[in-house]
Amino acid sequence: MSSSQALIVPFDPSAPSQAVAGVQPLQLWSLTPSGDKAPKAGATATFYNTPAGKTTTISSVGDGFAAKSSEVKRELVRKSVGAAVKELKAFEGVKEVVVDASLDPHAAAVAAHLALYKFTLKTNVPSPFDPRNAEPAKERIAFAPVEASGEWDRGVVYAQSQNLARTLAEYPANMITPTAFTERVRREFEGIANVEIVVRDEAWAAEKGMNVFLSVTHGTSEPAKFLEIIYKGAADKTAAPLAFVGKGITFDSGGISLKPGAGMKLMRGDMGGAAAVVSAALAIAKLQLPINLVVTTPLTENMPGPSATKPGDIIYAMNGKSVEVDNTDAEGRLVLSDAIYYTSTEYKPHTLIDVATLTGAMVIALGEVFSGVFSSSDELWQQLYEAGQLEHDRFWRMPMDEEYLPQIHGSNADLQNTGGRPAGSATAALFLKPFVAGLEEGEIKWAHLDIAGSMEATRPGQYQEKGMTGRPVRALIEFARRLAN
Ligand code: BES
Ligand code: MN
Ligand code: ZN
């Protein structure tokens with residue numbers, strides 16, 4: 001019989017943990033059917049009533065652990081804790097799990113909470129995601145480390161924020177409309193100090209001259225929203241902030257340039273950029289990092305309704321540039337252009353990072369492994385790269401190069417929103433560039449993150465089920481934390 005209390009003990013076969021009395025991982029391993037072989041990384045075994053009254057899962061980090069780089073070690077810890085959680089969560093009765101996190105408390109906390117997560121709206125058992133519940137439900141298992149530490153606690157915040165981004169992206173588009181998105185965000189931030197949340201409507205956007213953003217809203221009857229989160233954590237509340245801008249298309253049908261039907265439901269996650277930036281902001285505010293941060297997300301559906309924007313329409317953006325909508329399915333760069341211009345002029349951030357499920361070409365280029373980063377700042381790229389490596393939420397640099405410009409300068413307007421198939425992710429990035437106010441003057445650093453490939457995991461990993469990934473939430477939090485310190 002399994003007990004409601006369980007233990008997870010990751011172990012290095014050459015230096016097994018002694019952190020839990022009555023649990024000797026090597027001796028326990030020797031009792032398993034594979035006990036005569038060395039336990040490979042991720043190999044697990046579960047024992048009842050060991051020690052008395054508890055169920056224990058031991059999980060190996062594999063041979064030669066001590067000699068590996070810290071980056072590799074952290075990922076081995078995540079995988080080993082993840083494998084153990086996967087095994088334990090199959091036991092219905094398990095309610096409390098104590099984790100021996102001594103190998104790496106942060107990584108262990110991250111993996112435990114990511115591995116437990118599974119989105120479902122099936123009703124055979126009550127779902128924590130059921131939108132009819134007033135309160136977001138608690139996790140099914142309560143994790144605690146053997147030894148309390150700030151690193152563990154921080155890891156919990158990182159993972160829970162990533163799980164929020166996963167949830168927002170997983171919800172079908174009828175449940176996460178622009179309005180529902182902003183309401184959920186308000187609820188998540190309730191009671192957190194130094195945060196102001198502003199939800200703008202279409203009339204406000206019209207007044208600001210955000211006609212390119214609004215052009216995407218014309219095909220739907222669902223009201224669009226423009227969300228702003230202002231967090232003032234720095235000692236000097238007037239210091240220039242860091243800014244995140246997230247693409248928030250709550251459903252992308254393609255508009256008049258309608259997408260094919262097969263697999264279209266993935267486009268409920270076309271607000272993955274918005275989900276990632278608000279979730280990262282939530283962690284940054286929960287941790288009260290000493291930094292000023294502004295997050296903005298243009299939120300709308302992209303639909304082919306009777307008033308929809310038509311291919312060939314030319315619209316003036318907030319910065320005065322004329323934009324030809326060659327293809328209504330290239331809507332992400334349209335909503336982002338006005339959002340980026342507004343954010344860079346209104347808040348004068350020292351650094352602006354936009355995050356977007358922007359191009360199918362990104363899926364082709366990098367698949368699910370890396371998020372693409374376009375930046376003309378070597379320094380900003382380096383900082384993002386390091387944060388991504390630390391969290392194994394990895395980035396690959398892509399070319400932000402003006403030689404692609406002729407591809408988006410071929411129409412009667414200043415810019416056209418498509419650049420043909422070659423280097424489709426690079427021309428999308430270049431489209432955004434003129435909307436970053438202060439870039440030419442060297443007053444701002446900018447990076448564009450294309451997460452079209454990394455938004456979804458099509459196969460299960462060792463500490464994440466398949467489905468929406470919530471990336472790059474952990475990399476963004478880590479980036480901000482390192483910037484603040
Ligand atoms: N949201 C899509 C990009 C996307 C595709 C994200 C697949 C995730 C998975 C975006 O709005 C889009 O439709 N882009 C077009 C642009 C093209 C018309 C220039 C694309 O990539 O096909
Ligand atoms: Mn599209
Ligand atoms: Zn889109």
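Residues numbered from 1 in each chain as written. Chains lettered and ligands numbered in written order. Predicted model: local features only at pLDDT ≥ 70, side-chain atom pairs only at ≥ 80, totals over all residues. Heavy atoms only, no water.

Naming follows an unreviewed UniProt entry, where the protein appears as Leucine aminopeptidase of Ephemerocybe angulata.

Participant: Which residues make up the overall build of the protein, and what values go with them?
Facilitator: Within the protein, the secondary structure is distributed over 13 helices and 19 strands. A globule of 485 residues ought to have a C-alpha radius of gyration of about 23 Å, and the protein, at 23 Å, matches this closely. With respect to the principal axes defined by its C-alpha atoms, the protein has extents near 75 × 45 × 45 Å. Summarising the internal contacts of the protein: among those between residues at least 6 apart in sequence, 75% fall at separations of at least 24. When the accessible surface of the protein is totalled, it reaches about 19600 Å², and 52% of it is carbon and sulfur. (Helix = DSSP H or I, 4+ residues; strand = E, 2+ residues; numbered from the N terminus. Rg over C-alpha atoms; globule rule 2.2 N^0.38 Å. Contact = heavy atoms within 4.5 Å. Areas by Shrake-Rupley, 256 points an atom, 1.4 Å probe, with all protein chains shown as cover.)

Participant: Can you break down the sheet that holds strand 12 (residues 322-324) residue by residue, with the values?
Facilitator: Ordered in space as 11-12-16, the three strands form an open sheet in which the pairing is mixed. The open sheet has two free edges, formed respectively by strand 11 (314-316) and strand 16 (415-416), since each of these has just one partner strand. Summarising the sheet, strand 11 and strand 12 pair through three bridges and their orientation is antiparallel. Considered in strand 12, the bridge of Ile-315 is made with Val-323. (Pairing = 2+ DSSP bridges.)

Participant: I'd love a proper account of the site of ligand 1, names of residues and values included.
Facilitator: Around ligand 1, the structure places 17 residues, and the nearest of them are Lys-259, Asp-270, Asp-329, Glu-331 and Gly-360. At 3.2 Å from an oxygen atom of ligand 1 is found a side-chain nitrogen or oxygen belonging to Lys-247. Between ligand 1 and Thr-357, the relevant distance is 3.3 Å, taken from a nitrogen atom to a main-chain nitrogen or oxygen of the residue. When ligand 1 is considered free in solution it has 520 Å² of accessible area, and contact with the protein chains removes 79% of it. Of the residues belonging to the shell around ligand 1, the class tally is five nonpolar, five polar and seven charged. (Near = heavy atom within 4 Å. Polar contact = N/O pair within 3.5 Å; in protein donor to acceptor, adjacent residues only side chain to side chain. Nonpolar A, V, L, I, M, F, W, Y, C, P; charged D, E, K, R; others polar.)

Participant: Requested: an account of the layout of surface pockets, with residues and values cited.
Facilitator: Unfilled space is identified by rolling a water-sized probe across the atoms. Of the volumes computed, that of the second largest pocket is approximately 890 Å³. Contributing to the lining of the second largest pocket are 40 residues, with Leu-358, Thr-359, Gly-360, Ala-361 and Val-363 lying nearest its centre. Breaking the lining of the second largest pocket down by element, the ones donating at least two residues are helix 10 (360-366) and helix 12 (424-432). (1 Å grid on protein atoms, 1.4 Å probe; cavity = no way out; pocket = protein on both sides within 12 Å on 5 of 7 lines; lining within 4 Å. Points joined across faces, edges and corners; volume = space filled by probe spheres on them.)

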